[in-house]
Amino acid sequence: MASDDSILDVQRLKKSFGGLVAVRDFSFHLGKGEILGLMGPNGAGKTTVFNLISGVYKPDSGVIKYKGMNIVGLPPHKIRRLGIARTYQIPQPFPRLTVLQNVQIAAMYGGGFSKAESEKRAHEVLDFIGLSDKKDMPAGNLKLLDLKMLELARAIVSNPSVLLVDEVGAGLREAEIPHLVKILKTINEMGVSIMLIEHIPRLVVETVDRLIVMNAGEKIADGKPREVIRDARVIECYLGKEIVEE
Amino acid sequence: MFRLNAEYILLVILTLIMALLPVVGIGWYTLHVLFLFFVYLALANMWNLLAGYSGLVSLGQPAFMGIAGYTLAMLLWFFDTPLYIAIPAACAAATAFAAVLSIPLFRMRGFYFSIGTLLLNEICRVWFNWWRPIPVPGAPVGGGAGFGIRSGLSPISIYYLALAVGIASIILMRFILGSKLGAGLMAIRDNERAAATCGIDIFRCKLYSFLIATFFTGLAACVFYLFQGHIEPTGAFSISWLNVMLMAVIIGGISTEEGPIVGSAIVVLLSQLLPRYAEYSPLILGVLLTLIITFTPPGIIGMMRKTRLYNAMLKYLSKPIT
């Protein structure tokens, strides 16, 4: 499946915690400029996949090729500096620093920009994401939606090639979703390949080019989002078998 | 970096006043108290850099002070090294010691790191208690008796050294906190996981902070031992040094730039007042520390930053770095 124009190429990834196999022989690729969705029931191993790619965990076996280079075993900060940025499902701000400082630090360290250049970029990104009126607030005082936006701002400010977005929609109100879809699409149009973990069907179908569904650490479907969510195995893992048979 | 703003003008004026005090013939006692203040200030600033900004609650700073002091004593005693070489060499020795120890120490986190560093003091005390490099006939040298430190400096020159080190520690803090390293350290202190995800090399940032703080703590120790003229293991590696740093930083306000300045002044005053009530002094200090931690964990500065008067005053200075 992997072709020359894939930016991330993951082969036979495996990770277990004690006796529990979280990710089992998981292979996929992320195309250049693609938005790839990753769905699956709780505990399917989606976040573990992100943690493996971003270097938080080291896989038991498998290869993660980024721009043709195997990045398995690199520490998180190096992977970020290579151009793979991520957000966390539960926002992880620097609570005592201001919103602007939060973003500026990511630009300085993650993007290698100078202090002045980082500040300029941070202002631009905050404008784009809609947080500029809160830029001097301590990040610890932000509400959930703003914290999620801050996660995104911090991720994209370093000009990454790949963006891993972990459930940015979870916990948000229905009305807030179009704004989010628009932002993700714009980031993608700027040339960032995006991988998205998401549960909200509307957000997934409207945003992604391709959808992978995981269950119990394995890939069970991979294809066009509207086809994948009708796949019998996908419905089965979400809703159970009997309903499918009816 | 060094724009001439109100802050620096204030700092220069205060420094000039402090520098003129010995000339106008101020009493020895006051000069001694000021000397202690500047030494404590440098120690407190460096401990604040570690505990307040880098998340490294190091309880092993007395060990590094002692290593610096002993190196200084050795260089002066055995080699008659000139001070301008001996002092940097002593600080470098302490820093090298810290660099080697950072390999095992940085494998520990949080409380474990603190306990690990705390043990350094005791290990050093025991070792230097035993260590007698060369038996000198007729003079008790080394071991528990320690070494004399003969610098030939006048007390007033030593006062000026302390003044320079104390003021330099304030400028150094401003410089570090405004730098890329400072931003990285504050990010690590706030959220280690997010810091790594933002591209910050946690180990390297903490190591730099640890080494810078140790070098400067060693410098303050050198100034102190030049004044004391003598070093022996029980005093050098004593927990009371830790008390000074912890009290000054916590009473003044941890993770604030101004905190250690206010805290050091209070600790110096207490150290002069309390010996009169020797039997009660641990009680008084304990109660004071408990009150601060209970009612205003960010210290006196943290309490003052909530008041309008203080914030109005800050307007004339540049913003404090959180």
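What you see is a predicted model, and the numbers here were worked out from it, not measured in a lab. Along each chain, numbering runs from 1 in the same order as the chain's sequence is written. Written order decides the labels, with chains lettered from A and ligands numbered from 1. Under the rules for a predicted model, residues below a pLDDT of 70 receive no local features and side-chain atom pairs below 80 are neither given nor counted, while totals for whole chains, interfaces and linings still include all residues. Hydrogen atoms and water are omitted, and side-chain values are computed over all heavy atoms in the structure.

**Regarding the confidence of the model for chain B**
The test is simple: Confidence of the predictor at the level of single residues is captured by pLDDT, which takes values from 0 to 100. Helix and strand assignments follow DSSP, with helices taken as H or I runs no shorter than four residues and strands as E runs no shorter than two, numbered in order from the N terminus.
On average, residues of chain B score 87 in pLDDT, and 94% of them are at 70 or above. Per-element confidence in chain B ranges from a low mean pLDDT of 76 for helix α15 (residues 308-315) of chain B to a high of 94 for helix α9 (residues 202-228) of chain B.

**Examining empty space enclosed by the protein**
Stated formally: Using only the protein atoms, space was sampled on a 1 Å grid; points where a 1.4 Å probe fits but cannot get out form cavities, open sets with protein on both sides within 12 Å along at least five of seven lines form pockets, and lining residues are those with an atom within 4 Å of a point. Grid points are joined across faces, edges and corners, and a volume is the space filled by probe spheres set on the points. Nonpolar residues are Ala, Val, Leu, Ile, Met, Phe, Trp, Tyr, Cys and Pro. Charged residues are Asp, Glu, Lys and Arg, and all others, Gly as well, are polar.
This structure, assessed with the given rule, holds 2 cavities of 30 Å³ or more. By volume, the largest cavity is sized at about 60 Å³. Every residue along the wall of the largest cavity is listed here: Ser54(A), Val56(A), Pro76(A), Ile79(A), Arg80(A), Ile84(A), Ala85(A), Arg86(A) and Thr197(B). Sorting the residues of the lining of the largest cavity by element identifies α2 (76-82) and β6 (84-86) of chain A as the ones contributing at least two each. Looking at the lining of the largest cavity residue by residue, the classes come out as 5 nonpolar, 2 polar and 2 charged. The space that makes up the second largest cavity amounts to roughly 40 Å³.

**Some points on the nonpolar core**
As a reminder of what qualifies: Side-chain atoms within 4.5 Å link the members of a nonpolar core, which is a set of buried Ala, Val, Leu, Ile, Met, Phe, Trp, Tyr and Cys residues. A simple rule labels every residue: compare its accessible area, found with a 1.4 Å probe on the protein chains alone, to the largest value its type can have, and call it buried under 20%, exposed over 50%, or partly exposed in between. The split into domains, and so the bounds of each, comes from an automatic or database assignment of domains.
Leu152(A), Leu163(A) and Leu72(B) are the most contacted members of the largest nonpolar core, which totals 155 residues. Of all the elements, helix α2 (residues 28-53) of chain B adds the most residues to this core, at 19 residues. Here this core spans two domains, and each of domain 1 (1-83 + 161-246) and domain 2 (90-159) of chain A adds at least three residues to it. Judged by nonpolar contacts, the second largest core, of 27 residues, contains Phe50(A), Ile84(A), Met195(A) and Ile212(A).

**Examining the pattern of salt bridges**
The criterion, for reference: Within this document, salt bridges are pairs made up of a side-chain nitrogen of Lys or Arg and a carboxyl oxygen of Asp or Glu, the two lying within 4 Å of each other.
Under the definition given, this model contains 17 salt bridges over all chains. Notably, a salt bridge pairs Arg210(A) with Asp222(A), separated by 2.9 Å at the nearest N-O pair. Residue Arg210(A) is located in strand β9 (residues 210-215), and its partner Asp222(A) is located in strand β10 (residues 218-223); the two are separated by 12 residues in the primary sequence. Accessibility expressed as a relative area gives 9% for Arg210(A), which makes it buried. Between Glu258(B) and Arg305(B) there is a salt bridge, and its shortest N-O distance comes to 2.7 Å. Of this pair, Glu258(B) sits in the loop between α11 (239-252) and α12 (259-273) while Arg305(B) sits in the loop between α14 (299-304) and α15; the two residues are 47 residues apart in sequence, bridging distant segments of the chain. Both residues of the pair, Glu258(B) and Arg305(B), count as buried.

**What about the packing of aromatic side chains?**
The cut-off we apply is this: Under the pairing criterion, centres of Phe, Tyr and Trp rings, with the six-membered ring standing for Trp, must be within 6.5 Å; the plane angle then separates stacked pairs below 30 degrees from edge-to-face pairs above 60, leaving the rest tilted. Placement of a charge over a ring requires the Lys NZ or Arg CZ to be within 6 Å of the ring centre, with the centre-to-atom vector within 35 degrees of the ring normal.
If you walk through the whole model with that rule in mind, you get 27 aromatic pairs over all chains. Ring centres 5.8 Å apart and planes at 70° place the aromatic pair Phe64(B) and Phe97(B) in the edge-to-face group. With Phe64(B) in helix α3 (residues 61-79) and Phe97(B) in helix α4 (residues 83-105), the pair connects residues that are 33 residues apart, well separated along the chain. Looking at Phe97(B), the relative accessible area reads 26%, which means it is partly exposed. Ring geometry for Phe106(B) against Phe210(B): centres 5.4 Å apart, planes inclined by 55°, an arrangement best described as tilted. One end of the pair, Phe106(B), is in the loop between α4 and α5 (110-130); the other, Phe210(B), is in helix α9, and 104 residues separate them in sequence. Like Phe210(B), Phe106(B) is buried. Site record: aromatic cluster; members linked through ring pairs are Tyr70(B), Trp77(B), Phe78(B), Phe79(B), Trp127(B), Phe128(B), Trp130(B), Trp131(B), Phe147(B) and Phe237(B). The ring of Trp77(B) has Arg150(B) lying over it, and the distance from NZ or CZ to the ring centre is 5.0 Å. Above the ring of Tyr109(A), the side-chain terminus of Lys180(B) is found at 4.8 Å from the ring centroid.

**Quick look at the packing of α3(B) against α5(B)**
Residue and element names in this part refer to chain B. Definition in use: Axis definition: a line fitted to C-alpha atoms, over the contacting stretch in the case of helices. Angles run 0 to 180 degrees between N-to-C directions. In what follows, a contact means two residues having at least one pair of non-hydrogen atoms within 4.5 Å.
Where α3 meets α5, the closest approach of the two axes is 8 Å, and the angle between their N-to-C directions is 30°. For the pair α3 and α5, contact is made by Pro-62, Ala-63, Phe-64, Ile-67 and Tyr-70 and by Leu-120, Asn-121, Cys-124 and Phe-128, respectively. Here the contact of α3 with α5 is composed, by residue class, of 8 nonpolar, 1 polar and no charged.

**Looking at the sheet that holds strand β3 (residues 35-39) of chain A**
Adjacent strands of a sheet pair through backbone hydrogen bonds, lying either parallel or antiparallel. Residue and element names in this part refer to chain A. What counts, and what does not: Two strands qualify as a pair provided DSSP detects at least 2 bridges between them.
With mixed pairing, the 6 strands of this open sheet are ordered in space as β6-β7-β8-β3-β9-β10. The open sheet is flanked by β6 and β10, the only strands paired with a single partner. Geometrically, the sheet is characterised by an average inter-axis angle of 20° between neighbouring strands, direction not taken into account. Pairing between β3 and strand β8 (residues 193-197): 4 bridges, direction parallel. Bridging from a neighbouring strand, Leu-38 pairs with Ile-197 of β8. Each of β3, β6, β7 (162-166), β8 and β9 is contacted by helix α1 (residues 46-53), which is oriented at about 145° to β8, the strand it contacts most. Its contacts with the sheet put helix α5 (residues 144-156) on β6 and β7, and the angle it makes with β7 is roughly 165°.

**What about the environment of Leu34(B)?**
All names here are of chain B. Locating Leu-34 in the fold gives a position in helix α2. Expressed as a C-alpha distance, the spacing of Leu-34 and Val-268, which sit 234 residues apart in the sequence, is 8.4 Å. Those residues in contact with Leu-34, other than ones at most four positions away along the chain, are Met-18, Leu-21 and Tyr-159.

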